[in-house]
Every structure is written in structure tokens, then in C-alpha cells.
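Architecture and fold: a report
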Amino acid sequence: MINRVLIRTKVIQMLYSYQLTKADKSLTKAKKELQQSLDKSYELYNALLQLIIDLTDLQEREIDDAKHKFLPTREELNPNMRFVENQLVEKLRGNEKLQKFVTDNNITWRDDEIFLRLLLFKVTSSEEYKTYMAMEKTDFASDCEVWYQLMKKVILPDDDVLDHLENLSVYWNDDDLEIMGQFVMKTIRKIADGVDDPISPKYKDEEDSKFGEQLFTKSIDERVENDQLIDKFVRSERWDTARIALMDRIIMCTAITEIKDFPSIPVNVTMNEYIELAKNFSTPHSGQFVNGILNAVVKYLRDRGVVVKQ
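The notes below deal with the structure included here. Remember, predicted model here, so these are calculated numbers, not experimental data.

Per the counting criterion, the structure on display carries eight aromatic pairs. For the ring pair Phe211 and Phe262, a centre distance of 5.2 Å and an interplane angle of 80° mean the geometry is edge-to-face. With Phe211 in helix 11 (residues 206–221) and Phe262 in the loop between helix 13 (246–261) and helix 14 (267–281), the pair connects residues that are 51 residues apart, well separated along the chain. Summarising the burial analysis for this pair, Phe211 and Phe262 share the class buried. Residue placement shows Lys40 over the ring face of Trp172; its charged tip is 4.7 Å from the ring centre.

Listed below in C-alpha cells is the structure:
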């Protein structure tokens, strides 16, 4: 699921890109790129679920190859099939929603044989895998748990996974991997709990599906007036407005737009989200700076009745 945390991140990134290249990029093109970026995030969620299947299939092929090699060992002739017969994988393989999306979007990891083999080696070398394979008995719960732990401790933190994803798409980065990875783990938990429809939709609801484009468009429309509001309080604190980092200014302008124009989102939620964005995307002191300016702006807007929500 594409949540508002990711949507805000994508909007900020696209606003920054638009600000730098707007002489060469139309607003229509920028909005299209924003939607493509969000679509690719949901594609990543499905691709990570398919990765579980493709890793399992590769392990099965390797087991079969070992059986048919010249002079196989007794262990190779009688392999432990627990991993390839994992019930969670069978649930994913049989999920019509997932498989339709995978087919429609031509998602596969099999074309990346070297990457897939390297990742499988890391999986089968992990303590999580070894513990699972050594268990006296497994059940559906343990089949789900091993993949939850493999995702959490082996696959998602792996730098090679992130590097590979960034090479596959300009829209995939560590923010996408972190957030979509969390939803993959939630999906595994849903399957373990027997939820009938465990695959997350692209958006929670219609409001969320429109949130990104609305926030992006309104932020551009209100950029001048929000800039003036920011400058008012920057000067009052005797800071130099010309020295404000472009990313800080974009983050604050977007936050003010959200505070003014999205009545269902509490002010403290918006404040916290954009302060975190400033910490992640701008300078070491940006979080504190953005916090101070936004607090002053919110008080000013409340005093004038522009903002009445909590």
C-alpha cells in the first residue's frame, strides 16, 4: 500500500526536481512523473512478494540439478525439501491478485540470475534459514515466520538488494524499499493470520489516491504566498532568507499547504512528518530550523483563523 508517508516523500522529491528544471518541464509532465513514481512503488511491493517465489523456485532448480549431476551425494539424492515446499510460498503462488499484477506488469527476477543466486546464497547461509531447516517439525506458522525473519534480517537490509533495485528503476530508492518492505512483512503476517485478502491495495482509499497530485499542485499554486510567510518569520529571527536551503524551503512550503488545505490531517501529524523529511533530505540542522519556522507560521495562521483544526 502506498501510504501518506511515501506520498509526501515523493511529492517533496518531485517538487525539488521541478524547481530545478521547470524551465524544461511542464506542470503536466511533472504530475505524470509523480504518478509514475507512485505506481513504481506499488510495483516494488508486488515485486518483493514475487521475489520470495523466485528465490524458492531457484532453490528447487538447484536441488534438482544436484540430483542429476555426475555422482551425486546421498544428501543430494535425498534433499530436505522443507524450504521449497514452504506453505507461505504456495499461498503467494496461488494468490490471483498478486499473480495477475505480476503477469500484467511482467515482473520477474529470473532474468537477473547472478543477483538471484547471490541473494539465495545469503538466505541459505543465514541463521534464520539454518534454524528453520533444523527444526524437528514445521507448520504453517513457522513457514510464514521464517520468511518474515528472512525479509526483516537478510533481504531488506542487504545493500546489494538496494543497489540492484536502484539499477532497475530511477524511481526505486531506500525510502521505497523501507516502506514497501514493511508492507511485505505485514502481508506475511496477514497470510499467517488467515486473512482472506492479504495483498494490500495500491491506496487505502480514494482520498489517499488523490492526495499526492492535490498536494503537489496546491504546493506549486501557493508557493509564492507560502514563501512570503516563511520569509516573514525568518527575518523576525534575524536569519538570512537568501541562505535558506532550497530543500528546506520546499519542505516548509509543502507543509504549510498541507496545514491550510487538508482539514482531515491534524497539524501535529503534518509537522512531525515534514520535520522528519527535513532531517532526512536536507542539512543536519534543518529539522530544528523547520520546526521553529513552522511553529511560528501555525501560530500566525491560527491567530487569524486561517487554521482552525487541531
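Next comes the rest of the write-up.
What follows is about the packing of helix 7 (residues 127–134) against helix 8 (residues 140–155). The contact between helix 7 and helix 8 brings their axes to 9 Å, and the two run at 165°. It follows that helix 7 is roughly antiparallel to helix 8 by the angle criterion. In the packing of helix 7 onto helix 8, the handedness of the crossing is left-handed. Touching Glu128, Tyr129 and Tyr132 of helix 7 are Ser142, Asp143, Val146, Gln149, Leu150, Lys153 and Val154, all from helix 8. For the contact of helix 7 with helix 8, a count of residues per class yields five nonpolar, two polar and three charged.

We now examine the nonpolar core. In this structure, Leu48, Leu55, Phe83, Trp147, Met151, Ile155 and Ile188 are the most contacted members of the largest nonpolar core, which totals 95 residues. A total of 14 residues in this core trace back to one element, the largest contributor, which is helix 2 (residues 27–67). Once residues lying within four places of it in the same chain are set aside, the contact partners of Met151 are Leu48, Ile52, Leu156, Pro157, Val184, Met185 and Ile188.

For the rest of this paragraph, the subject is a negative patch on the surface. Negative charge collects at one region of the surface, where Asp159, Asp163, Glu166, Asp174 and Glu178 lie side by side. When residues of the negative patch are traced back to their parent elements, those giving at least two are helix 9 (159–168) and helix 10 (174–192). In terms of residue count, helix 9 provides more of the negative patch than any other element does, three residues in total. In this structure, Glu178 sits in helix 10.

Cut-off values and rules
- Residues numbered from 1 in each chain as written.
- Predicted model: local features only at pLDDT ≥ 70, side-chain atom pairs only at ≥ 80, totals over all residues.
- Heavy atoms only, no water.
- Phe/Tyr/Trp six-rings, centres within 6.5 Å; stacked < 30°, edge-to-face > 60°.
- Helix = DSSP H or I, 4+ residues; strand = E, 2+ residues; numbered from the N terminus.
- Buried < 20%, exposed > 50% of the residue type's maximum accessible area, 1.4 Å probe, protein only.
- Lys NZ or Arg CZ within 6 Å of the ring centre and 35° of its normal.
- Axes fitted to C-alpha atoms, helices over the stretch in contact; angles between N-to-C directions.
- Parallel < 35°, antiparallel > 145°, perpendicular 65-115°, else oblique.
- Left-handed = near helix turned anticlockwise from the far one by under 90°.
- Contact = heavy atoms within 4.5 Å.
- Nonpolar A, V, L, I, M, F, W, Y, C, P; charged D, E, K, R; others polar.
- Core = buried A, V, L, I, M, F, W, Y, C linked by side-chain atoms within 4.5 Å.
- Patch = residues over 30% accessible without salt bridge, like charges linked within 9 Å, V, L, I, M, F, W, Y side chains within 5 Å.
- Areas by Shrake-Rupley, 256 points an atom, 1.4 Å probe, with all protein chains shown as cover.
- Salt bridge = Lys/Arg side-chain N within 4 Å of Asp/Glu carboxyl O.
- Lys, Arg positive; Asp, Glu negative; His and termini not counted.
- Charge placed at Lys NZ, Arg CZ, Asp CG, Glu CD.

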